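Secondary and tertiary structure notes
Here is how the chains run, residue by residue.
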Amino acid sequence: MRIPLLLLLLLLVLWPVPAGAHVVAPGADLRIAQTIAGAELTITVRGVSRTPAPAVVEIEAFRPVPDLPIELTLRSTETGRTVHASMRLVAGRVGPYRTSMQVYRAGPYELEVRTPGERSLLPVRVLVPATSPWELVIHGGFYVAGILVVAGLLTGGMSRRGPAMAVRAGAVAGVVALTVAVVSPQLPLPVPEGAAPELPAQNGVGGRPYLMATFGTQPARPAAGAEFTLLMDLVDGSTGRPADDLVLHHEAMAHVVVTSEDGTYFRHLHPVRLAPGRLAVRLRADRPGRYLAHAELERTDSGGQLVAGEFTVTGTSAGEATRAVSSVVPVIVPARPVAGRPTTIEIPVTGRLQPWLGMPGHLIVRDRKGAFLGHLHATPTRTSALTFTFSFPAPGTYFAWAQYARDSTIETVPFTITVGTESDT
Ligand SMILES: [Cu+2]
């Protein structure tokens, strides 16, 4: 009887603790897409597991990569302490470009990304994983169990009273530690150091109101062929104060789609943050006319939303209005899509896809007038094609742009889809 009991005790002491289940993942990496100085960048701030520690900042660029000096400043919002770093993008080299910036404490920071002509103030939060109290119980329990059982066995085992009690106490400690080890994955995780304080409920209800967006340009009437700034001012829907609590979604603060009314012009951009509630992106339109701007963003504790605006480009155009034609031919099933019924769109892709904005592929769909804009993601398939499934809301002609990244280049495939009604088929 005694030997199996001892074996059981030893087994308990030596039972491997499933470490991964209890160790809180270190502060996750933060990836932010930015369209700045004519370059499309992905800025990654690597997570840290303690402070002070150097936080690695990486910048990857999509082609075409310009020659571009970048100054980085990381400022603690709580203490004002700043650290600087600089890097230089080399034309044609996609990177990743890497530097590290010392962080002295967990909490809110502002990362300033400055190029000769532009700057962006990105709110970032440094989170340090807190040690779970359960982890302490598990490790402590196994430690105590090990010492008591080994000491008890060495000093006489179960035949003498004192050592026998030590062995029993060790067994109890081992059982407690094992129990906690088994159930702890279901127990709540500790709040990481530096986490944002929990939001108070407004009027007794959780959730914040939607934000309202106003679009503008600088200059007010941009000219065809000349660079201008598209500005977005975001205010809280109930207080009218600047809304400065955007959460990163799909690796950006906002995804802005600018299209000309006729669908010949298309840009998918990631604006910089100039100030609280103020986003901006520099662009150039080659032809005069009416342009539409749609932005997808998400407020903290509110949800995703789509806001829209428009602006007019003046002047004369250099060339004829033509929609870019891609050599990639999408396969649309059924051949005559029906409103309200699922349509499958397959984009054949050659080469190796890179995830972009956290997804293998994106499809942006707009109706003729610009009142409707849809953004969907590819569903995973075993082939190299990107497959999208979508139910068009109403009959009519839609402009569509499929986007994906390959060889550090963002590919855009424009096409048109005509959607009919049930009776057409
Ligand atoms: Cu985007």
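Quick caveat, the model's predicted, so the values are computed rather than measured.

Procedures and definitions
Residues numbered from 1 in each chain as written. Predicted model: local features only at pLDDT ≥ 70, side-chain atom pairs only at ≥ 80, totals over all residues. Heavy atoms only, no water. Donors = N, O, S within 2.8 Å, 3.2 Å for Na, K, Ca; no water. Buried < 20%, exposed > 50% of the residue type's maximum accessible area, 1.4 Å probe, protein only. Helix = DSSP H or I, 4+ residues; strand = E, 2+ residues; numbered from the N terminus. Expected span 1.5 Å × (residues − 1). Arc of directions from axis to C-beta. Phe/Tyr/Trp six-rings, centres within 6.5 Å; stacked < 30°, edge-to-face > 60°. Lys NZ or Arg CZ within 6 Å of the ring centre and 35° of its normal. Pairing = 2+ DSSP bridges. Salt bridge = Lys/Arg side-chain N within 4 Å of Asp/Glu carboxyl O. Core = buried A, V, L, I, M, F, W, Y, C linked by side-chain atoms within 4.5 Å. Contact = heavy atoms within 4.5 Å. Patch = residues over 30% accessible without salt bridge, like charges linked within 9 Å, V, L, I, M, F, W, Y side chains within 5 Å. Areas by Shrake-Rupley, 256 points an atom, 1.4 Å probe, with all protein chains shown as cover. Axes fitted to C-alpha atoms, helices over the stretch in contact; angles between N-to-C directions. pLDDT = per-residue confidence, 0-100. Polar contact = N/O pair within 3.5 Å; in protein donor to acceptor, adjacent residues only side chain to side chain.

Around the copper ion, the protein supplies His255 (ND1), His268 (NE2) and His270 (NE2) as donor atoms, at distances of 1.8 to 2.1 Å. Here the donor residues for the copper ion map to a single chain with the spacing H-x12-H-x1-H. Across this residue pair, the class does not change: histidine 268 and histidine 270 are buried.

Turning to helix H3 (residues 133–154), a few remarks are in order. Taking 1.5 Å per residue as the helical rise, H3 with its 22 residues ought to reach 32 Å, and the 31 Å between its terminal C-alpha atoms agrees with that figure. Those residues of H3 not exposed but buried are Glu135, Ile138, Gly141, Phe142, Ala145, Gly146, Val149 and Gly152. Looking down the long axis of H3, one finds its buried residues gathered within 160° of arc, a one-sided arrangement. For H3, exposure combined with an orientation more than 90 degrees from the buried face picks out Leu136, Tyr143 and Leu154. Once H3 finishes, glycine 156 follows within two positions and takes phi at roughly 135°, a positive value.

Applying the stated criterion across every chain yields a total of 10 aromatic pairs. An angle of 85° between the planes, with centres 4.9 Å apart, marks the rings of phenylalanine 390 and phenylalanine 392 as edge-to-face. Across the pair, phenylalanine 392 and phenylalanine 390 agree in class, each one buried. Three or more aromatic residues joined by ring pairs make a cluster, and in this case those are Phe228, Tyr265, Tyr291 and Phe311. Taking the ring centre of tyrosine 104 as reference, the NZ or CZ of arginine 81 above it sits at 3.5 Å.

Note: strand E7 (residues 107–114) against strand E8 (residues 119–126), eight bridges, orientation antiparallel. Its bridge partner lying in E8, glycine 107 is registered against valine 126. Between the end of E7 and the start of E8, which pair antiparallel, lie four residues.

The next point concerns the pattern of salt bridges. With the rule as written, the count across this model stands at 22 salt bridges. Glutamate 310 is the partner of arginine 290 in a salt bridge, and the nearest nitrogen-oxygen pair spans 2.9 Å. Of this pair, arginine 290 sits in strand E15 (residues 289–299) while glutamate 310 sits in strand E16 (residues 303–313); the two residues are 20 residues apart in sequence, bridging distant segments of the chain. Arginine 290 gets classed as partly exposed once you look at its relative accessible area, which sits at 28%. Given a relative accessible area of 45%, glutamate 310 falls into the partly exposed group. Among the ionic contacts, a cluster of salt bridges with common partners joins Asp29, Arg46, Glu58 and Arg98.

Attention shifts here to the nonpolar core. Counting residues in each nonpolar core, the largest one holds 62 residues, and the members touching the most others are Leu111 and Val258. Beyond its immediate sequence surroundings of up to four residues, valine 258 is in contact with Leu230, Tyr265, Phe266, Arg267, Leu269, Leu283, Tyr291, Leu292, Ala293 and Phe311. One finds Val365, Ala378, Phe392 and Ile417 within the second-largest nonpolar core, a separate group that totals 19 residues.

So, on to a nonpolar patch on the surface. Side chains of Trp134, Val137, Val172 and Val176 sit close together on the surface and give an oily, nonpolar patch of about 310 Å² of accessible area. Positionally, valine 176 belongs in helix H4 (residues 161–183).

Time to look at the sheet that holds strand E10 (residues 227–236). Spatially, E9-E10-E14-E13 is the arrangement adopted by the four strands of the open sheet, whose pairing is antiparallel. Of all the strands in the sheet, the pair left with one neighbour each is strand E9 (211–218) and strand E13 (272–275). Ignoring strand direction, the axes of neighbouring strands in this sheet form an average angle of 30°. Note: E9 against E10, eight bridges, orientation antiparallel. Considered in E10, the bridge of glutamine 218 is made with threonine 229.

Predicted confidence across the protein gives a mean pLDDT of 87, with 90% of residues reaching 70 or more. Segment residues 15–25: pLDDT under 50, and 19 contacts once partners within four positions in sequence are set aside and those in other chains are kept.

Quick look at the sheet that holds strand E18 (residues 342–347) now. Pairing between the strands of a sheet is mediated by backbone hydrogen bonds and can be parallel or antiparallel. The three strands are arranged E17-E18-E22 in an open sheet whose pairing can be described as antiparallel. Bordering the open sheet on either side are strand E17 (331–333) and strand E22 (386–391), each of which pairs with just one other strand. Averaged over all adjacent pairs, the angle separating strand axes in this sheet is 20°, with direction ignored. Pairing of E17 with E18, which is carried by three bridges, proceeds in the antiparallel orientation. Bridge assignment links valine 333 to a residue of E18, and that residue is threonine 344.

A rise of 1.5 Å per residue sets the reference length of H4, with its 23 residues, at 33 Å; its end C-alpha atoms lie 33 Å apart and thus fit the reference within 8%. Three or more residues of H4 are buried, namely Pro163, Ala164, Ala166, Val167, Gly170, Ala171, Ala173, Gly174, Ala177, Leu178, Val180 and Ala181.

Our next topic: the environment of glutamate 296. Here glutamate 296 shows up in strand E15. By relative accessible area, which is 17% here, glutamate 296 ends up buried. For the pair glutamate 296 and alanine 254, spaced 42 residues apart in sequence, the C-alpha to C-alpha distance is 5.6 Å. Apart from residues lying up to four places away in sequence, glutamate 296 is in contact with His249, Met253, Ala254, His255, Gln305, Leu306 and His375. Polar side-chain contacts of glutamate 296 include one of 2.7 Å to the side chain of histidine 375.

So, on to the environment of leucine 373. Along the chain, leucine 373 turns up in strand E21 (residues 373–377). A relative accessible area of 10% means that leucine 373 is categorised as buried. Remark: the alpha-carbon pair of leucine 373 and valine 307, spanning 66 residues in sequence, is separated by 10.0 Å. Leucine 373 has contacts with Val257, His294, Leu306, Ile364, Val365 and Arg366, leaving out every residue within four places of it along the chain.

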